[in-house]
Amino acid sequence: MSHRRPASNPPTLLVIAKEPVPGRVKTRLTPPYTPREAAALAEAALADTLHTVLKAPARRRVLVLEGAAGPWLPPGFDVVRQGAGGLDERIAAAFDHCDRGPALLVGMDTPQLTVELLAGVGRDGHDAWFGPAEDGGFWALGLADPGRAAALVRGVPMSTDRTGATQRHRLVAAGLSVCDLPVLRDVDTAADATAVAACCPPGSRFATALNSLAGVGR
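Quick summary incoming for the structure in this document. (Residues numbered from 1 in each chain as written. Predicted model: local features only at pLDDT ≥ 70, side-chain atom pairs only at ≥ 80, totals over all residues. Heavy atoms only, no water.)

Taken in spatial order, the seven strands line up as β3-β2-β1-β4-β6-β5-β7 in an open sheet, and their pairing is mixed. The sheet is open, and its two borders are formed by β3 (78-81) and β7 (178-180), each paired with just one other strand. This sheet shows a mean twist of 20° between the axes of neighbouring strands, independent of strand direction. Sheet strands touched by helix α1 (residues 35-55): β1 (12-18), β2 (60-66) and β4 (103-106). Its angle to β1, the strand with the most contacts, is close to 170°. In the packing of helix α5 (residues 163-173) onto the sheet, contacts are made with β5 (128-132), β6 (138-143) and β7, and the angle to β6 comes to roughly 15°. (Pairing = 2+ DSSP bridges. Helix = DSSP H or I, 4+ residues; strand = E, 2+ residues; numbered from the N terminus. Axes fitted to C-alpha atoms, helices over the stretch in contact; angles between N-to-C directions. Contact = heavy atoms within 4.5 Å.)

Looking now at the nonpolar core. With 29 residues, the main nonpolar core has Val15, Val53, Leu63, Leu104, Val106, Leu118 and Trp139 as its most contacted residues. The dominant element in this core, judged by the number of residues it contributes, is α1, at six residues. Not counting the four nearest positions on each side in its chain, valine 53 is found in contact with Leu13, Val15, Arg61, Phe77, Val106, Leu113 and Leu118. Counting 25 residues, the second largest nonpolar core, distinct from the first, contains Leu14, Phe95, Val153 and Leu171. (Core = buried A, V, L, I, M, F, W, Y, C linked by side-chain atoms within 4.5 Å. Buried < 20%, exposed > 50% of the residue type's maximum accessible area, 1.4 Å probe, protein only.)

Okay, structure coming up:
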């Protein structure tokens, strides 16, 4: 049986991301978008995510990056390289950059992320925080003890419609009290991009970038 911990400190916030290079990111957006347009949308989504994380309560903010940082990176982040291996290995390794907990990791695919979604993490006494995605994956994973990430994440099959359920089961099976965050939609396809842009705050970089492409013939 799991037991709620006493309320803790603000978390380390981790963003795991790829450098938005044409042909290497958001390839499922092509078609209808060109690789350059898909990369522009990826950059806008990443920038929105980083700026939201910058406003959220945090002890430290870390960008776990594959590639090189660019002008889209605001000040206030430590930048570290992603580890090797599959996505499960890279997520687990990202938590190694936390000297202590709590810690929460998010991706670059949910530009509709808000400060309010992050504000309670680390302060509500849970052992873990889990943000499921509509496609069956997950957009957020938080641990009060980031040192347990390797055992909890490695071996979880990624990029399937059961990834989120399998990951959450791992947390529960380990006896952790899990706080479920709201379901969000990842940006993978053009339909996703349209739906997510409609959920973004007014003036978001992602919605602006998508709107700028709206008049381009497909």
